[in-house]
Amino acid sequence: MQTPVQSVRDIGRIVRAVRRQSHLRLEDLAATTGLSKQFLTDLESGKLTLRLGLTLNLLAELGIRV
């Protein structure tokens, strides 16, 4: 999937879409990646103050190329 990213909210939408297509619950993704459910919730909702390194690791884990 190629989707232009112009904002943090766009990244959150992509992560949510891929997670749902993979039939993963937030709790399952958190357990698999070692990230907190709160971090994932904040990312999917487009919170502006997320740590970029953690976000990039998650994108790689989900197979999302940047």
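Quantities reported herein were computed from a predicted structural model and do not represent experimental measurements.

Chemist: Help me understand the overall build of the chain in this model?
Modeler: Helices and strands together make up the secondary structure of the chain, namely 4 helices and 0 strands. The globule rule puts the C-alpha radius of gyration for 66 residues at 11 Å, and the 11 Å found for the chain is close to it. Overall, the chain is about 30 × 25 × 15 Å in size when its C-alpha atoms are taken along their principal axes. Across the 66 residues of the chain, 33% fall into the buried class. Accessible area for the chain stands at about 4,600 Å²; split by element, carbon and sulfur atoms hold 51% of it.

Chemist: How should the pattern of salt bridges be read in this particular structure?
Modeler: One side chain can pair with another of opposite charge once the charged atoms of both are near each other. In total, this model carries 6 salt bridges according to the counting rule given. A salt bridge links Arg13 to Asp10; the nearest nitrogen and oxygen atoms lie 3.2 Å apart. Highlighted residues: Arg13 and Asp10, both in helix H1 (residues 8–21), separated by 3 residues, approximately one helical turn. Members of the salt-bridge network, linked through shared partners, are Arg16, Arg19 and Glu44.

Chemist: Even after reading the chapter, I still don't get the environment of Arg13, so can you show me in this structure?
Modeler: Here Arg13 falls in the partly exposed class, since its relative accessible area comes to 48%. The spacing of Arg13 and Thr55 is 42 residues in sequence and 13 Å in space, taken between C-alpha atoms.

Chemist: Hey, could you run me through the nonpolar core in this one?
Modeler: The nonpolar side chains of a soluble globular protein tend to be buried, and buried together. One finds Val15, Phe39, Leu40, Leu43, Leu58, Leu62 and Ile64 to be the most contacted residues of the largest nonpolar core, which totals 15 residues. The set of elements that each furnish at least two residues to this core consists of H1, helix H2 (26–33), helix H3 (37–44) and helix H4 (52–61). Apart from the residues within four sequence positions on either side, Leu62 is in contact with Val15, Val18, Leu24 and Leu29.

Chemist: What is the right way to look at the packing of H2 against H3 in this model?
Modeler: When two helices pack together, their arrangement is given by the angle between the helix axes and the distance between those axes. For the pair H2 and H3, interaxial distance at closest approach is 9 Å and the crossing angle is 115°. In the packing of H2 onto H3, the handedness of the crossing is right-handed. Of H3, the residues touching H2 (which contributes Leu26, Glu27, Leu29 and Ala30) are Lys37, Leu40, Thr41 and Glu44.

Chemist: I keep staring at the confidence of the model for the chain and nothing clicks. Help me out?
Modeler: Low pLDDT means the predicted atomic positions in that stretch should not be read closely. The predicted model of the chain has a mean per-residue pLDDT of 92, with 98% of residues at 70 or higher. Averaged pLDDT values for the elements of the chain fall to 92 in H4 and rise to 96 in H3.

Analysis parameters
Residues numbered from 1 in each chain as written. Predicted model: local features only at pLDDT ≥ 70, side-chain atom pairs only at ≥ 80, totals over all residues. Heavy atoms only, no water. Helix = DSSP H or I, 4+ residues; strand = E, 2+ residues; numbered from the N terminus. Rg over C-alpha atoms; globule rule 2.2 N^0.38 Å. Buried < 20%, exposed > 50% of the residue type's maximum accessible area, 1.4 Å probe, protein only. Areas by Shrake-Rupley, 256 points an atom, 1.4 Å probe, with all protein chains shown as cover. Salt bridge = Lys/Arg side-chain N within 4 Å of Asp/Glu carboxyl O. Core = buried A, V, L, I, M, F, W, Y, C linked by side-chain atoms within 4.5 Å. Contact = heavy atoms within 4.5 Å. Axes fitted to C-alpha atoms, helices over the stretch in contact; angles between N-to-C directions. Left-handed = near helix turned anticlockwise from the far one by under 90°. pLDDT = per-residue confidence, 0-100.

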